[in-house]
Amino acid sequence: MKFLVFIEQRDGKIRKASLEALSLASKLAGGSVVAVLPGKGVAGLAGGLGKYGAGVVYVADQDILALYSAKGYVGALDAAATKESPDAVLIAATAMGKDMAPRLAARRDVSVLADVMDLRVESGRLVGSRPVYSGKARAEADCGNAALQVVTTRPNVFPAEPRGAGQPRVETLDLPTIAPRAKVLKVEASESKELDVSEADIIVSGGRGIKGPENWPMIRELQQALGAALGASRAVVDAGWIDHQYQVGQTGKVVSPTLYVACGISGAIQHLAGMGTSKVIVALNKDSEAPIFKVATYGIVGDIFQIVPEVAKAVRELKKE
Ligand SMILES: Cc1cc2nc3c(=O)[nH]c(=O)nc-3n(C[C@H](O)[C@H](O)[C@H](O)COP(=O)(O)OP(=O)(O)OC[C@H]3O[C@@H](n4cnc5c(N)ncnc54)[C@H](O)[C@@H]3O)c2cc1C
């Protein structure tokens, strides 16, 4: 099967989720694949993609591509697909990827196999599975007989494994000058320089059990000891105890870290929808009947005000050894 993979970069750095998609495509293809990298002044990043399985990288470089432009980025992806006629296009299901995939699919009059958590080739077609009903079940689907199979892959689920294809052939993708109907004028990063939950491998989250915003330092102590990102339930976001950017769940961010530590979070279905696919879930809650324990790999029933400082201390001691 022939794959084309969209590579997302921000501020001159390739997103890890794109390397995961690239490495997955190369694994399924059993060899090197084609990648497309839009941006401004990003050609220098193309060489590094060989390590993850790119044999050819199309670089689309225009001023208008410096910031995300739906028309520009999808135009670049579409142009590379026209040139290469792949069987499938893989895009990481980041905010940008989720915006692009349906646009590409609409251009090609095909559907999108969205947010897959596993993907395999069966009789020359891709079959993927993804969570449905807020993570209560998994649905398996394929792209039917579509001439182009457009698939988005959930970040942090597939490994970004070095596949060692060596130096890729880098080609410039000649595009007509793009005149987008809407243009991003500027991107304002949030003031915090913290690791974002959607990028993190370890997350420590706090819920209403922390009692009040004055107790974040206790949760932060564990977060920092583990080198984790901070997350939160919607209850504490709605209460104004922390900014919405930290919210995990159906109406927050969807995460799949290696380790998710839930402190004083009940485990409502809408919260589980955002973190239920984490590889290891640790629940700290004083109520042994709390639903979070149903999905937890490990749980401690008790008062977080006692447990969290002890766990943080133990982690620090272990790290010292
Ligand atoms: C449409 C919709 C979308 C939603 N989207 C989201 C979403 O994206 N994310 C999300 O999180 N929620 C979402 N919710 C809200 C969700 O239903 C829950 O209300 C919310 O997740 C509860 O947050 P919580 O677990 O922090 O609070 P609670 O449910 O109040 O749980 C607090 C927990 O802390 C425990 N606790 C209390 N004190 C201690 C202590 N001292 N030590 C140990 N444990 C203690 C309690 O036993 C309890 O289990 C959504 C709801 C709706 C209707």
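Residues numbered from 1 in each chain as written. Predicted model: local features only at pLDDT ≥ 70, side-chain atom pairs only at ≥ 80, totals over all residues. Heavy atoms only, no water.

Q: I tried to follow the nonpolar core on my own but got confused; where do I start?
A: The nonpolar side chains of a soluble globular protein tend to be buried with one another. Leu22, Leu49, Leu77 and Leu90 are the most contacted members of the largest nonpolar core, which has 59 residues in total. In terms of residues, this core owes the most to one element, helix 2 (residues 70–84), which gives seven residues. For Leu49, the residues in contact, after removing those within four places along its chain, are Ile7, Ile14, Leu19, Leu22, Ala35, Ala54 and Val57. (Core = buried A, V, L, I, M, F, W, Y, C linked by side-chain atoms within 4.5 Å. Buried < 20%, exposed > 50% of the residue type's maximum accessible area, 1.4 Å probe, protein only. Helix = DSSP H or I, 4+ residues; strand = E, 2+ residues; numbered from the N terminus. Contact = heavy atoms within 4.5 Å.)

Q: Would you mind showing me how to read the site of the ligand here?
A: Lining the immediate surroundings of the ligand are 26 residues, of which Ser233, Thr251, Ser266, Gln270 and Asn285 lie closest. Between Gly264 and the ligand, the recorded distance is 3.1 Å, taken from a backbone N or O atom to an oxygen atom. Here a nitrogen atom of the ligand and a side-chain polar atom of Asp303 are 2.9 Å apart. Starting from 990 Å² of accessible surface for the ligand in isolation, the protein chains cover 77%. Those elements giving two or more residues to the shell around the ligand turn out to be helix 5 (234–238), helix 6 (269–275) and helix 8 (304–320). Of the residues belonging to the shell around the ligand, the class tally is six nonpolar, 14 polar and six charged. (Near = heavy atom within 4 Å. Polar contact = N/O pair within 3.5 Å; in protein donor to acceptor, adjacent residues only side chain to side chain. Areas by Shrake-Rupley, 256 points an atom, 1.4 Å probe, with all protein chains shown as cover. Nonpolar A, V, L, I, M, F, W, Y, C, P; charged D, E, K, R; others polar.)

Q: Quick question: what am I supposed to make of the sheet that holds strand 14 (residues 229–232) here?
A: Pairing between the strands of a sheet is mediated by backbone hydrogen bonds and can be parallel or antiparallel. On the basis of which strands lie adjacent, the open sheet formed by five strands has the order 14-13-15-16-17 and parallel pairing. Each edge of the sheet is formed by a strand with only one pairing partner; in this case those strands are strand 14 and strand 17 (298–301). Across the sheet, the mean angle from the axis of one strand to that of its neighbour is 15 degrees, orientation sign disregarded. Pairing of strand 13 (residues 202–206) with strand 14, which is carried by four bridges, proceeds in the parallel orientation. Paired with Ile203 across the two strands is Ala229, which belongs to strand 14. (Pairing = 2+ DSSP bridges. Axes fitted to C-alpha atoms, helices over the stretch in contact; angles between N-to-C directions.)

Q: I would appreciate a short explanation of the side chain of Asn156 in the present structure.
A: Structurally, the position occupied by Asn156 is in the loop between strand 11 (149–153) and strand 12 (169–172). Separated by 2.6 Å, the side chains of Asn156 and Lys16 make a polar contact. Here the side chain of Asn156 touches Ala200 through a polar contact of 3.4 Å, landing on its backbone oxygen. What Asn156 contacts, discounting residues up to four positions off in sequence, is Lys16, Glu20, Ser198, Glu199, Ala200, Ser256 and Lys279.

Q: I tried to follow the pattern of salt bridges on my own but got confused; where do I start?
A: Side chains that carry opposite charge are capable of pairing whenever their charged atoms lie near each other. Applying the stated criterion to the full structure yields 20 salt bridges. The partner of Arg138 in a salt bridge is Asp118, and the shortest N-O contact between them spans 3.6 Å. In this pair, Arg138 sits in strand 10 (residues 137–142) while Asp118 sits in strand 8 (residues 118–122), placing the two residues 20 residues apart along the sequence. Overlapping salt bridges, with partners in common, bring together Glu8, Arg10, Arg15 and Glu199 in one network. (Salt bridge = Lys/Arg side-chain N within 4 Å of Asp/Glu carboxyl O.)

Q: Explain the environment of Ala182 to me, please; I cannot follow it from the model alone.
A: On the secondary structure map, Ala182 appears in the loop between strand 12 and strand 13. Assessed through its relative accessible area of 59%, Ala182 is described here as exposed. In the structure, Ala182 is positioned 112 residues away from Ala70 in sequence and 8.3 Å away in space, judged by C-alpha atoms.

Q: Where do I start with helix 3 (residues 95–108) in this structure?
A: An α-helical turn contains 3.6 residues, so any two residues separated by three or four positions project in the same direction. A rise of 1.5 Å per residue sets the reference length of helix 3, with its 14 residues, at 20 Å; its end C-alpha atoms lie 21 Å apart and thus fit the reference within 8%. Taken together, the buried positions of helix 3 are occupied by Met96, Gly97, Met100, Ala101, Leu104 and Ala105. All buried residues of helix 3 project into a common sector of 140 degrees when viewed along the axis, lining one side. Residues Ala95, Lys98 and Ala106 are exposed on helix 3 and point more than 90 degrees away from its buried face. Just beyond helix 3, the residue with positive phi is Asp109, at close to 60 degrees. (Expected span 1.5 Å × (residues − 1). Arc of directions from axis to C-beta.)

Q: How should the sheet that holds strand 8 be read in this particular structure?
A: The strand order 8-9-10 describes an open sheet built from three strands, whose pairing is antiparallel. Every interior strand has two partners, whereas the edge strands, strand 8 and strand 10, have only one. In this sheet, adjacent strand axes meet at a mean angle of 25 degrees when their direction is disregarded. Where strand 8 and strand 9 (residues 125–132) come together, five bridges link them in antiparallel fashion.

Q: Just checking my understanding: could you explain the packing of helix 2 against helix 3 for this structure?
A: Each pair of packed helices can be described by the angle between their axes along with the distance between the axes. Orientation of helix 2 relative to helix 3, taken along the N-to-C sense of each, is 55 degrees, at an axis distance of 10 Å. By the angle class used here, helix 2 and helix 3 are oblique. Here the hand of the crossing between helix 2 and helix 3 comes out right-handed. Mapping the contact onto sequence places Ala70, Lys71, Tyr73, Val74, Gly75, Leu77, Asp78, Ala81 and Thr82 in helix 2 and Met96, Asp99, Met100, Arg103, Leu104, Arg107 and Arg108 in helix 3. Classifying every residue of the contact of helix 2 with helix 3 gives eight nonpolar, two polar and six charged. (Parallel < 35°, antiparallel > 145°, perpendicular 65-115°, else oblique. Left-handed = near helix turned anticlockwise from the far one by under 90°.)

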